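Close look at the chain arrangement
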Amino acid sequence: EVQLVQSGAEVKKPGESLKISCQGSGYSFSTHWIGWVRQMPGKGLEWMGIMYPDNSETRYSPSFQGQVTFSADRSTSTAYLQWSSLKASDTAMYYCARHRVDRATVVPFDIWGQGTMVTVSS
Amino acid sequence: DTQMTQSPSSLSASVGDRVSITCRANHDIRNYLSWYQQKPGKAPKLLIYGASNLETGVPSRFSGSGFGTDFIFTINSLQPEDIATYYCQHYDNFPRTFGQGTKVEIK
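Quick summary incoming for the structure in this document. For clarity, every value in this text was computed on a predicted model and none was experimentally measured. (Residues numbered from 1 in each chain as written. Chains lettered and ligands numbered in written order. Predicted model: local features only at pLDDT ≥ 70, side-chain atom pairs only at ≥ 80, totals over all residues. Heavy atoms only, no water.)

Observations regarding the overall build of chain A
From N to C terminus, chain A includes 0 helices and 11 strands. Seen in sequence order, chain A has helices and strands lined up from the N terminus as β-β-β-β-β-β-β-β-β-β-β. In summary, chain A has a C-alpha radius of gyration of 14 Å against a globular reference of 14 Å for 122 residues, a match within 12%. The burial tally for chain A puts 48% of its 122 residues in the buried class. Partitioning the contacts of chain A with sequence separation of at least 6, the portion at a separation of at least 24 is 54%. Per element, the accessible surface of chain A, about 5,400 Å² overall, is 44% carbon and sulfur. For chain A, the distance from the average position of its 11 positive side-chain charges to the average position of its 10 negative side-chain charges is 4 Å. (Helix = DSSP H or I, 4+ residues; strand = E, 2+ residues; numbered from the N terminus. Rg over C-alpha atoms; globule rule 2.2 N^0.38 Å. Buried < 20%, exposed > 50% of the residue type's maximum accessible area, 1.4 Å probe, protein only. Contact = heavy atoms within 4.5 Å. Areas by Shrake-Rupley, 256 points an atom, 1.4 Å probe, with all protein chains shown as cover. Lys, Arg positive; Asp, Glu negative; His and termini not counted. Charge placed at Lys NZ, Arg CZ, Asp CG, Glu CD.)

Digging into the packing of aromatic side chains
Counting across every chain of the model gives 14 aromatic pairs over all chains. Plain terms: the ring middles of Tyr 27 of chain A and Phe 29 of chain A are 6.5 Å apart, the flat faces sit at 50° to each other, and that makes the pair tilted. Comparing Tyr 27 of chain A with Phe 29 of chain A, the two get one shared label, buried. Site record: aromatic cluster; members linked through ring pairs are Tyr 95, Phe 109 and Trp 112 of chain A together with Tyr 36 and Phe 98 of chain B. Over the ring of Tyr 27 of chain A we find Arg 98 of chain A, and its NZ or CZ is 4.7 Å from the ring centre. When the ring centre of Tyr 49 of chain B is taken as reference, the NZ or CZ atom of Arg 100 of chain A above it lies at 3.7 Å. (Phe/Tyr/Trp six-rings, centres within 6.5 Å; stacked < 30°, edge-to-face > 60°. Lys NZ or Arg CZ within 6 Å of the ring centre and 35° of its normal.)

Okay, here's the thing in structure tokens:
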């Protein structure tokens, strides 16, 4: 079964760092672009960007460029989303999702993780 | 950025009704459009890709059409399990963007 399993909910203070994970299984992790989507409480979906695990190529949304960092560990089929200094406005559910066709960029997401809730509060 | 304008923001219909949602792009995105369903507390689920292609396993009462800038998503014969928020998303260029969402409720 193709699936993405994300790490558990996090509660952090402003200024702290954080790295959340998304582990893929049941498919060729390295050759499918994987992306991140933010959903703030009660709001819609926001595309943050995508990464190609095989060569670490990334495409960030301008709204998130410089605010977050994507990375991946091919040996464990795990993608990561990290922040160096969290803000209260980073409070949201974060989803990882896989591109529908391997090696392709002009395709939608087909498989989604269950989401990781990040709460940033003093 | 390509802006996606979705309407209506919410709708209420009876079981068995046909419901339609529109999505408009502010420039030509060819057929690089997908539709997702998100139920409360759940991750989004891909229903339609390439504007009109039904994802494997998705019931045939869901359909999509359109090309260029104007797209329509339709549920023929609304079922209770279709209660959800529906989003369009383009994947023609970067950054990808989603529509604002349409919340579908049962009357």
